[in-house]
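# Descriptive analysis of the structure
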Amino acid sequence: MATVTKAPKKQIQFADDMQEFTKFPTKTGRRSLSRSISQSSTDSYSSAASYTDSSDDEVSPREKQQTNSKGSSNFCVKNIKQAEFGRREIEIAEQDMSALISLRKRAQGEKPLAGAKIVGCTHITAQTAVLIETLCALGAQCRWSACNIYSTQNEVAAALAEAGVAVFAWKGESEDDFWWCIDRCVNMDGWQANMILDDGGDLTHWVYKKYPNVFKKIRGIVEESVTGVHRLYQLSKAGKLCVPAMNVNDSVTKQKFDNLYCCRESILDGLKRTTDVMFGGKQVVVCGYGEVGKGCCAALKALGAIVYITEIDPICALQACMDGFRVVKLNEVIRQVDVVITCTGNKNVVTREHLDRMKNSCIVCNMGHSNTEIDVTSLRTPELTWERVRSQVDHVIWPDGKRVVLLAEGRLLNLSCSTVPTFVLSITATTQALALIELYNAPEGRYKQDVYLLPKKMDEYVASLHLPSFDAHLTELTDDQAKYLGLNKNGPFKPNYYRY
């Protein structure tokens, strides 16, 4: 969910480029956490209060034979018996996603996605379940996997499977499980995707590399993260993007609401649930002052934290200065800060050198989409001991006894360790749904083989759908006023180059 202006482009990586975490010996007398992701992340209770049956935590979902009440086994989840609980979670989410439900009701009769076969890779939570079921109600067939190995709500995945959605995801997947789930979504006899909804670009590039013939027949890609958008622009620049793609990440309704307001609330939630830290007087460095960074800093400052900013962009750096923050290089403050938060969309923002110089009990976490911002791999060495102290909280211990508190193994903090506000996810989900409808129904020639921004009119429509929740009433232009401004009375009201 994170972005920052002009972050260096992320290199495309595929499954066979990725290395499994290596097991290392640890000192005796301390409980070791030198183990694989799949083992270390099967603690049954997540900080997000996700229900799990701990009795079968040791059995991989891939080894289970499960069927839903209709006799279908076209899914792979932790425990299909959790479906009823997950259905209640989805129904609760629907109450605060009235705009998306409104879109579902308005378009359900027309079935604008009839014939669409959407393969998706996003966080699988109650809120995204509302989006998936909306797409199905609009006529689409969906197959889904998770974009983050820690963020899946097992009970929600079970509810989707019970409803007939082919979902392959569970909380605590290993790296191998992650790619297996994506492949199961794409590779099915008699079913071929023609639309992609992605969060991070992993699904898009798996299809691009492993199934080039399928990729060429895709009618449109919708991507919502800065990481995935960078990957799409890389493909486009290399002349390898053979389908139109919609950059939802840089739409106004994503940038200004999901990235800013969502992170302003969820950063505190994630840190409080995992560490019980008191922020008053704490020194915090936030790497990146894009919309995510702005949201995080506003929340931390309001609770009395002393906040430093690191930035590569002079415009964002100047904004930070005008907002009352001191802009520094990470090396200048790394010895004194109590908390380090990354939100750049880049890689190796916090290196082993930085980690070696941190003070005892420094908290390190990431609010960017990808787990590349903190060099966690460098911490898996023989001289360091890992201790799992609670779900998604590891103490990495140096030979001299110093401990660094690492959250979610460097993955996205808020969706791995807590929850995010349902209302703001309604905004993003509605934007994604409209982008899929637009690309799927666009006449031939409207969109070429390139990356596009969501049309301004759609951004405004998404915002207007959410205004009734606040009993907000828009002022209408008179004919004379509209003529004076050179606008249509019904919008769009701002040019594409306008910066909100």
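What you see is a predicted model, and the numbers here were worked out from it, not measured in a lab. (Residues numbered from 1 in each chain as written. Predicted model: local features only at pLDDT ≥ 70, side-chain atom pairs only at ≥ 80, totals over all residues. Heavy atoms only, no water.)

If you tally the helices and strands in the protein, you get 18 helices and 15 strands. Within the protein, the fraction of its 500 residues that count as buried is 58%. Taking contacts inside the protein between residues at least 6 apart in sequence as the whole, the part at least 24 apart equals 72%. Here the protein displays about 21,000 Å² of accessible surface, and carbon together with sulfur accounts for 50% of that area. (Helix = DSSP H or I, 4+ residues; strand = E, 2+ residues; numbered from the N terminus. Buried < 20%, exposed > 50% of the residue type's maximum accessible area, 1.4 Å probe, protein only. Contact = heavy atoms within 4.5 Å. Areas by Shrake-Rupley, 256 points an atom, 1.4 Å probe, with all protein chains shown as cover.)

Tallying each qualifying case throughout the model produces ten aromatic pairs. The ring of Trp206 has Lys210 lying over it, and the distance from NZ or CZ to the ring centre is 5.4 Å. (Phe/Tyr/Trp six-rings, centres within 6.5 Å; stacked < 30°, edge-to-face > 60°. Lys NZ or Arg CZ within 6 Å of the ring centre and 35° of its normal.)

What follows is about the sheet that holds strand S1 (residues 117-122). Ordered by their spatial adjacency, seven strands build an open sheet running S3-S2-S1-S4-S5-S6-S15, and the pairing between neighbours is parallel. Taken across any chain shown, the strands that pair with only one partner, and hence form the sheet edges, are strand S3 (166-168) and strand S15 (451-453). Across this sheet, the average inter-strand angle for adjacent strands is 20°, counted without regard to direction. Strand direction decides the pairing type here: strand S4 (residues 195-198) and strand S5 (residues 220-223), joined by four bridges, are parallel. Looking at the pairing, Asp198 lines up with Glu223 of S5. Together, S1, S4 and S5 form the strand contacts of helix H7 (residues 202-210), whose direction differs from that of S4 by roughly 140°. (Pairing = 2+ DSSP bridges. Axes fitted to C-alpha atoms, helices over the stretch in contact; angles between N-to-C directions.)

As a further point, take the sheet that holds strand S7 (residues 283-287). Adjacent strands of a sheet form backbone hydrogen bonds with each other and so pair up, either parallel or antiparallel. Ordered in space as S9-S8-S7-S10-S11-S14-S13-S12, the eight strands form an open sheet in which the pairing is mixed. Each edge of the open sheet is held by one strand with a lone partner, namely strand S9 (326-327) and strand S12 (385-390). As defined by bridge partners, S7 adjoins strand S8 (residues 306-310) across five bridges and the pair is classed as parallel. Within S8, the residue paired with Val285 across the bridge is Tyr308. Relative to strand S14 (residues 403-407), helix H10 (residues 252-275) is tilted by about 130°, and along the sheet it contacts strand S10 (339-342), strand S11 (362-366), S12, strand S13 (393-397) and S14.

Looking at the secondary structure, you find Arg219 in the loop between helix H8 (212-216) and S5. Given the relative accessible area of 40%, Arg219 is considered partly exposed. With sequence-adjacent residues up to four places away left out, Arg219 is seen in contact with Asn194, Met195, Pro244, Leu439 and Tyr440.

This part takes up the pattern of salt bridges. Inspection of the entire model under this criterion finds 19 salt bridges. Asp394 is paired through a salt bridge with Arg388; the nearest N and O atoms lie 2.7 Å apart. Of the two residues examined, Asp394 and Arg388, each falls in the buried class. A single network of salt bridges, built from pairs that share partners, joins Arg380, Arg388, Asp394 and Glu409. (Salt bridge = Lys/Arg side-chain N within 4 Å of Asp/Glu carboxyl O.)

This next bit is on the nonpolar core. Counting 61 residues, the largest nonpolar core has Leu113, Ile118, Ile124, Leu135, Trp144 and Val167 as the members making the most contacts within it. For this core, the elements supplying multiple residues, two or more each, are helix H2 (83-95), helix H3 (98-107), helix H4 (126-137), strand S2 (141-146), helix H5 (154-162), S4, helix H16 (422-441) and helix H17 (456-466). Residue contributions to this core peak at twelve residues, all from H16. If near-sequence neighbours (up to four positions away) are discounted, Ile124 is found in contact with Trp144, Ser145, Ala146, Ser151, Thr152, Gln153, Val156, Ala157, Leu160, Val167 and Ala169. (Core = buried A, V, L, I, M, F, W, Y, C linked by side-chain atoms within 4.5 Å.)

The next subject is the state of the cysteines. The final tally for this structure, using the stated rule, is zero disulfides. Cysteine Cys121 remains unbridged, with the sulfur of Cys147 as its closest cysteine sulfur at 5.5 Å. Cys296 provides the cysteine sulfur closest to Cys297, a residue in no disulfide bond, and the two sulfurs are 6.7 Å apart. (Disulfide = S-S within 2.5 Å.)

With numbering aligned to this structure, UniProt lists the feature "binding site: NAD(+)" (unreviewed entry) at Gly290, Glu291, Val292, Gly293, Lys294, Gly295, Glu311 and Asn414. Inspection of the secondary structure assignment puts Val292 in helix H11 (residues 291-302). Residue classification places Val292 among the buried positions, given a relative accessible area of 0%. Turning to its location among the elements, Glu311 is positioned in the loop between S8 and helix H12 (314-322). Residue class for Glu311 comes out buried when judged on its relative accessible area of 18%. Polar contacts involving the side chain of Glu311 include one to the main-chain amide nitrogen of Tyr289, which spans 2.8 Å. (UniProt positions renumbered as here; feature names shortened; annotations may be inferred. Polar contact = N/O pair within 3.5 Å; in protein donor to acceptor, adjacent residues only side chain to side chain.)

Take the side chain of Asn68 next. Its place among the elements puts Asn68 in the loop between helix H1 (37-40) and H2. Excluding anything up to four places from it in sequence, Asn68 contacts Phe75, Ile80, Ala161, Glu162 and Gly164.

In this model helix H6 (residues 175-186) runs 17 Å from its N-terminal to its C-terminal C-alpha over twelve residues, within 8% of the 16 Å that 1.5 Å per residue would give. Within the sequence span of H6, burial applies to Asp177, Phe178, Trp179, Cys181, Ile182, Asp183, Cys185 and Val186. Check the buried side of H6 and you find it contacts S1, S2, S3 and H7. (Expected span 1.5 Å × (residues − 1).)

This part takes up H12. The set of residues buried in H12 consists of Cys316, Ala317 and Ala320. Down the axis of H12, the buried set is contained in an arc of 100°. They therefore lie on one face. The exposed set on the far side of H12, more than 90 degrees from its buried face, consists of Pro314, Ile315, Leu318 and Met322. You can read the cap of H12 off the contacts: a side-chain oxygen lies 2.8 Å from the backbone nitrogen of Ile315, and it is on Asp313. (Arc of directions from axis to C-beta.)

Most of the time, phi is negative for any residue but glycine, and the peptide bond is trans. Note that the residue after Gly491, namely Pro492, is joined by a cis bond; omega there is 0°. By the secondary structure assignment, Pro492 is in the segment after helix H18 (479-485). With a phi close to 50°, Glu409 is a non-glycine residue in the positive phi region. With respect to the secondary-structure elements, Glu409 resides in the loop between S14 and helix H15 (413-417).

What follows is about the packing of H3 against H16. The contact between H3 and H16 brings their axes to 8 Å, and the two run at 30°. Between H3 and H16, the interaxial angle falls into the category roughly parallel. Residues Ala99, Leu100 and Leu103 of H3 lie in contact with H16, whose contacting residues are Ser426, Ala429, Thr430, Ala433 and Leu434. The residue inventory of the contact of H3 with H16, partitioned by class, reads six nonpolar, two polar and no charged. (Parallel < 35°, antiparallel > 145°, perpendicular 65-115°, else oblique. Nonpolar A, V, L, I, M, F, W, Y, C, P; charged D, E, K, R; others polar.)

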